[in-house]
Amino acid sequence: MEADAVSIWPRMEPFLLGALQVAPPSKLSLHYLRKMASYVRTRDGCFPSMSWPMWRHIACGKLQLHEDLAWLYFETFDLLIGHVPEERLEWAECLSQCSNKSELDQQRSRVELIVVVAFEYTLIDAFFFLLQLSVDTLQFLLFLYIQQLNRVSLRTSLIGEEWPSMRARSPSRSDREAKTSSQNKNWDDQAHLSFVQSHLGEILELLVEPGQLSQSGQVLRGCQISLDALRSLALLLEGSAGPGRAVQPVHRLLTKPPLQTQAGFCSASRCFPLQKLLLCLQNRLALNPFGITACLQSGKKLTWAQQVEGSMKRARIARNTHTAPPGSKMVLMSQVFKQTLAKTSDKLNGANIKIHRCADAFIYLLSPLRSVSLDKCRDCTVVLGPVETSVHIHSCQNLRVMCVSGRIAIGVSSRCTIHTLTPTRPLLLPGNTDITLGPFHTFYPSLEDHMGSVGLAVVPNAWDRPLLVGTEGLFNPSLNSSSNPAPLCYRLLPPAEFNTVVVPFEMEGDTCEVPGGLPPLYQAAVEEKEKRIQNWQKTVLETPLNKQQKQQFQDLVEVKFHEWLLETGHRQELDSLIPPAMNSLKDSTTDTQAVNHTKHMRTGRAVGQSPMAC
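About the cut-offs
- Residues numbered from 1 in each chain as written.
- Predicted model: local features only at pLDDT ≥ 70, side-chain atom pairs only at ≥ 80, totals over all residues.
- Heavy atoms only, no water.
- Helix = DSSP H or I, 4+ residues; strand = E, 2+ residues; numbered from the N terminus.
- Buried < 20%, exposed > 50% of the residue type's maximum accessible area, 1.4 Å probe, protein only.
- Contact = heavy atoms within 4.5 Å.
- Areas by Shrake-Rupley, 256 points an atom, 1.4 Å probe, with all protein chains shown as cover.
- Polar contact = N/O pair within 3.5 Å; in protein donor to acceptor, adjacent residues only side chain to side chain.
- Core = buried A, V, L, I, M, F, W, Y, C linked by side-chain atoms within 4.5 Å.
- Salt bridge = Lys/Arg side-chain N within 4 Å of Asp/Glu carboxyl O.
- 1 Å grid on protein atoms, 1.4 Å probe; cavity = no way out; pocket = protein on both sides within 12 Å on 5 of 7 lines; lining within 4 Å.
- Points joined across faces, edges and corners; volume = space filled by probe spheres on them.
- Pairing = 2+ DSSP bridges.
- Patch = residues over 30% accessible without salt bridge, like charges linked within 9 Å, V, L, I, M, F, W, Y side chains within 5 Å.
- Lys, Arg positive; Asp, Glu negative; His and termini not counted.
- Charge placed at Lys NZ, Arg CZ, Asp CG, Glu CD.
- Axes fitted to C-alpha atoms, helices over the stretch in contact; angles between N-to-C directions.
- Parallel < 35°, antiparallel > 145°, perpendicular 65-115°, else oblique.
- Left-handed = near helix turned anticlockwise from the far one by under 90°.
- pLDDT = per-residue confidence, 0-100.
- Disulfide = S-S within 2.5 Å.

1. Some details on the overall build of the protein chain
Counting its secondary structure elements, the protein chain contains 21 helices and 25 strands. For the protein chain, buried positions account for 51% of its 614 residues. By sequence separation, contacts in the protein chain at least 24 residues apart represent 59% of the contacts at least 6 residues apart. Within the structure as shown, the protein chain displays about 29,600 Å² of accessible surface, and the carbon and sulfur contribution to it stands at 53%.

Structure below.
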């Protein structure tokens, strides 16, 4: 194996799912993280794993962070590292039994006692609870460090771009495509690489033991990093021995030829010299071969059978799910315009989805997903299958989103309505206006099976308790600053405006109602509207009209109904659901079937027709 063939790259998910899309508070700068790195190694209960009570002590007592913000980072890291669905469902069951904040705090802190008891029985039980509310200390430090990804650069904020260079003057076509389809750094694999290249030295310094640091916290000459500490770097870096070879954590590549010698690994001491390790990694760093750039260049193009002639000419839909390892699977959808797209497929399962610059579209992705990002979309309706980690909405306008998700985050968006079922508090980031939050209000037949497969339960549900996050932590109403979300940037959907939504496809499955039901006020509002409809139908039936009058009344209702369809835009949505000719669905060479093994619902009336008035 030749050294030149080995490449190491930044993993996508820590930056995509772990870095909050807001500038971090100043107390998470390198200066304070260095102090934290020394502190945790010298205190009992902080190393090599750290529980929530210990992190709360450090965050609130030492770094002066708000407790809710401290929990936000702890919870985000927990979402990132992943658990088997059974663990998440068990934890959801524990949280659902908490009726107030005091009980919730006790539940979060009680895990440490459970770990001790579990060790007396079986190793499996101990491992299960350790995963619940304790984190790898060094990986958590690295996670806190990469929050700097979205730190605002003073120079960039003043001049808009970096200093000119020969390389920047003539970007390649692929560079332009990548920039167009990844406007935020969390998706931008080139930004990930640049961040790691610029900060690799500081990242490695956080792994150095306190005994090798000066009194000022600087690393001493000739210091080393242990193999155990370097394992934590697998959170951020991975690689392979060559094209087409298996993807491996970075520490495995560095302890085997040919990189073992270059990195200076000593099998006797099980350590790496810091400077030699740094040089080796810098020489091997490359762009992620499974990132957004590679997906745009060589990813498999997706098409849907249900397409209106001319409406998809600008659209680009690509995926790398056929080649990428778990954690790197992605599907990119860009510039879908005036189109209804529907998909349920194994190719979507566990994938990170990016929906970019779509307009006047209706999108149904009815599969269990890893994460979803909606960027620069407008006037769209998006219905998602259960999302294991997060749904992030950025720079969108007039969006309607329905999802069950581990987390929902909204930033720099306006006039968006979000119907969600989520165990975590929705994050409202800076720049939002006129955001409406409502309860999840739809279903499809396999929804509950999909929820179980990603570890999402119906309780707890925090859809109506958003967390407003600014650049210096949680929003403080006393601070009138543009860096914080406006206190009135959102509202809870009034029950009088609430309506349920029907997913217009038949599929196999047992779910026949909204999982967990509707909140009582919203259920009462639905029942009241149903009662009014029944009273109206009864009034029509009891009205003494002759045959000609009934026909005139029927015509009038249909005219008004079609006017309403046009005014609200629902006519386009209904028309786009008309099934294409069956022969257009038969394509064995491309991924074209609209909703696999589904049929359009048979409602007893043609699509686009008005309901009967009598």
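Here the narrative resumes, following the displayed structure.
2. A word on the side chain of Ser-334
Note that Ser-334 resides in strand β10 (residues 330-334). Given a relative accessible area of 4%, Ser-334 falls into the buried group. Of note is the side chain of Ser-334, whose polar atom sits 3.2 Å from the side chain of His-356.

3. Comments concerning the nonpolar core
Residues Met-36, Trp-55, Phe-140, Leu-204 and Leu-254 are the most contacted members of the largest nonpolar core, which totals 91 residues. In terms of residue count, helix α4 (residues 67-81) provides more of this core than any other element does, 8 residues in total. Not counting the four nearest positions on each side in its chain, Trp-55 is found in contact with Met-36, Met-50, Leu-63, Ala-70, Phe-74, Phe-140 and Leu-144. Among the nonpolar cores identified, the runner-up in size contains 64 residues, and Ile-363, Ile-408, Ile-418 and Leu-577 belong to it.

4. Topic: the pattern of salt bridges
If you walk through the whole model with that rule in mind, you get 16 salt bridges. Two residues, Glu-205 and Arg-34, come together in a salt bridge whose shortest N-O distance is 2.6 Å. Note that Glu-205 is positioned in helix α12 (residues 189-205) and Arg-34 in helix α2 (residues 30-41), a separation of 171 residues in sequence. Residue Arg-425 is joined to Asp-68 by a salt bridge in which the shortest nitrogen-to-oxygen separation is 3.5 Å. Remark: Asp-68 occurs in helix α4 and Arg-425 occurs in the loop between β18 (414-421) and β19 (427-428); sequence separation between them is 357 residues. Since its relative accessible area comes to 29%, Arg-425 is described here as partly exposed. Overall, Asp-68 belongs to the partly exposed group, its relative accessible area being 26%. Beyond isolated ion pairs, a larger network of salt bridges with shared partners links Glu-13, Arg-370 and Glu-388.

5. Brief notes about empty space enclosed by the protein
Summed over all chains, the structure comprises 6 cavities of 30 Å³ or more. In terms of lining residues, the largest cavity is bounded by 19 residues, among which Leu-16, Leu-17, Leu-20, Ser-390 and His-392 are the most central. Elements that contribute at least two residues to the lining of the largest cavity include exactly α1 (12-18), α4, β14 (371-375), β16 (387-394) and β17 (397-411).

6. Quick notes on the pairing of strand β1 (residues 7-10)
Here β1 shows two buried faces, one formed by Ser-7 and Trp-9 and the other by Ile-8 and Pro-10. Bridge count between β1 and strand β5 (residues 237-240): 4 bridges; the pairing is antiparallel. Of the residues in β5, the one forming a bridge with Pro-10 is Leu-237.

7. Here we look at a negative patch on the surface
On the surface, Glu-448, Asp-449, Asp-510 and Glu-513 cluster together into a patch of negative charge. Mapping Glu-513 onto the fold places it in the loop between β24 (505-506) and α19 (520-542).

8. Here's the deal with the pairing of strand β20 (residues 433-439)
With respect to burial, β20 is a largely interior element, 5 of its 7 residues being buried. Relative to strand β23 (residues 490-492), β20 is paired through 3 bridges, and the arrangement is parallel. Looking at β23, one finds that Leu-437 is bridged to Leu-492.

9. So, the environment of Gly-242
With respect to the element layout, Gly-242 can be found in the loop between β5 and β6 (247-249). Sequence spacing of Gly-242 and Glu-2 is 240 residues, and the spatial spacing of their C-alpha atoms is 8.6 Å.

10. Focus on the packing of α2 against helix α3 (residues 52-62)
The interhelical angle for the contact between α2 and α3, taken along N-to-C directions, is 140°, at an axis separation of 12 Å. When the axes of α2 and α3 are compared, the pair comes out oblique. By crossing handedness, the relation of α2 to α3 is classed as right-handed. Contacts between α2 and α3 involve Met-36, Tyr-39 and Val-40 from the first element and Trp-55, His-57, Ile-58 and Lys-62 from the second.

11. With respect to the confidence of the model for the protein chain
Averaged over all residues, the pLDDT of the protein chain is 83; the fraction at 70 or higher stands at 80%. The spread of mean pLDDT over the elements of the protein chain runs between helix α10 (residues 166-169), the lowest at 39, and β18, the highest at 98. Counted against residues more than four places away or in other chains, residues 305-310, with its pLDDT under 50, gives 15 contacts. Confidence drops under a pLDDT of 50 for residues 477-481, and excluding neighbours within four residues, the segment shows 1 contact in the predicted structure.

12. Brief notes about the state of the cysteines
Tallied over the full model, the rule gives 0 disulfides. Cys-98 takes part in no disulfide bond, and the closest cysteine sulfur, belonging to Cys-94, lies 7.9 Å away.

13. So, the sheet that holds β6
One open sheet accounts for 3 strands, arranged β1-β5-β6; its pairing is antiparallel. Lying at the two open borders of the sheet, with one neighbouring strand each, are β1 and β6. Adjacent strand axes in the sheet meet at a mean angle of 35° when their direction is disregarded.

14. Re the environment of Leu-281
Following the sequence through the fold, Leu-281 ends up in helix α16 (residues 274-284). Exposure remark for Leu-281: the relative accessible area of 0% places this residue in the buried category. In this structure, the C-alpha to C-alpha distance between Leu-281 and Gln-197, residues 84 residues apart in sequence, is 9.1 Å. Setting aside residues no more than four positions away along its own chain, Leu-281 makes contact with Ile-8, Leu-200, Leu-204, Leu-233, Val-250 and Leu-254.

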